[in-house]
Structures are given as C-alpha cells and as structure tokens.
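Report on the structure
This is what each chain is made of:
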Amino acid sequence: MVRSIFVFPAGDRAETVGLLDRHLPQQRHPWLCNGAVYLEIADGESGHLYSDWTPADLAALDAATGQRPNWAVQIDVSGRIDGTEDVVHLMTLLLSRGGVAFDDYTAHAWTLPEIQSEAQVDGLRFFDFRGYHKTWDEQGSNG
C-alpha cells in the first residue's frame, strides 16, 4: 500500500525543483529517494491535485497557507518499506524555509518544527501509519 504526503514548500516551484535536482540527482520524473520513495510535482491547474482531498483537509490547507496553492510536491512511499527516516529527511529539506505538509493520517497542516518535535495531533505524529493502524484496529475490534 502506497502512503502519500503532499508538501507545500515556501518559495516558488522553480526553487523547489532545483532543490530536488541537487539532492536527488540520480532520477527525475519522478525523483527517487532510496529506491522506494517517489517525489513529483503535482499541478493544481490540471484539476487532479485536490481531487481526493476532504473538506477538512482543504480547510486546514487554506487556513495554513492563506490561499490554495496551485502546486505541491507529492511524495509516495512504497508499502515495502517503513520510510519514516526518508520522509523526515525530505521534510527537513523541503520545509526548511517554511511551508506545510499533509499526510494520509490527519487533517492537519504539519510544520517542520511540529514534525521534528514529534508533536501529536489527535494522538498521531506526522506520517504515523503505525499509530493510525493501531487506532483503526482497536476501533474495529471494539465496534
């Protein structure tokens, strides 16, 4: 199962593309990190960037950014790997100048300080797939 993260870095698209090219030079379209983490630019103008977003996610994004960005870095992490270390490294790289990220597990706009401090929202940390599935399993067995 692929886990996805959408990152909305501060700065412009060209700066972010240059940053990814410098730090992940071995492959582009998509960029590849450690063989199982894929990054690409998701374009809002195509109409696909926000197609699967919930109203709560969109409201959190709008509140965090003040506007609906027209692009993001989409990160897909293969289910074959944990990926947490790679994801935290990529967040440090992409959010060092500001911005927010969204994972599959909360409707929260995560900042780099929150990610690095392992802050919790609704009992989950950023990219906390283990905690999410544990909670989901517990709710399913109690329901």
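1. A closer look at helix 3 (residues 84-94)
- Taken residue by residue, helix 3 has Asp86, Val87, Leu90, Met91, Leu93 and Leu94 as its buried positions. All buried residues of helix 3 fall inside an arc of 160° around its axis, so they share one side.

2. Things to note about the nonpolar core
- Core analysis: the biggest nonpolar cluster contains 31 residues, and Leu39, Ile75 and Met91 have the highest contact counts within it.
- Elements with a minimum of two residues in this core: strand 1 (3-9), helix 1 (13-23), strand 2 (31-33), strand 3 (37-43), strand 4 (71-77), helix 3 and helix 4 (112-116).
- Element by element, the count of residues in this core is highest for helix 3, at five residues.
- Not counting residues within four places of it along the chain, the set of residues in contact with Leu39 comprises Leu20, Leu24, Pro30, Trp31, Cys33, Val73, Gln74, Ile75, Leu90 and Leu94.

3. So, the sheet that holds strand 5 (residues 99-102)
- With respect to topology, five strands assemble into an open sheet ordered 2-3-4-1-5, the strand pairing being antiparallel. Bordering the open sheet on either side are strand 2 and strand 5, each of which pairs with just one other strand. On average, each strand axis in the sheet is inclined to that of its neighbour by 25°, with strand direction left out of account.
- Sheet strands touched by helix 2 (residues 55-65): strand 1 and strand 5. Its angle to strand 5, the strand with the most contacts, is close to 170°.

4. Notes on the side chain of Asp76
- You can see Asp76 is positioned in strand 4.
- Within the local environment of Asp76, its side chain forms a polar contact with the side chain of Gln74, the two groups lying 3.2 Å apart.
- Not counting chain neighbours up to four residues away, the residues in contact with Asp76 comprise Val2, Arg3, Ser4, Ala36, Val37 and Tyr38.

Conventions adopted
- Residues numbered from 1 in each chain as written.
- Predicted model: local features only at pLDDT ≥ 70, side-chain atom pairs only at ≥ 80, totals over all residues.
- Heavy atoms only, no water.
- Buried < 20%, exposed > 50% of the residue type's maximum accessible area, 1.4 Å probe, protein only.
- Helix = DSSP H or I, 4+ residues; strand = E, 2+ residues; numbered from the N terminus.
- Arc of directions from axis to C-beta.
- Core = buried A, V, L, I, M, F, W, Y, C linked by side-chain atoms within 4.5 Å.
- Contact = heavy atoms within 4.5 Å.
- Pairing = 2+ DSSP bridges.
- Axes fitted to C-alpha atoms, helices over the stretch in contact; angles between N-to-C directions.
- Polar contact = N/O pair within 3.5 Å; in protein donor to acceptor, adjacent residues only side chain to side chain.

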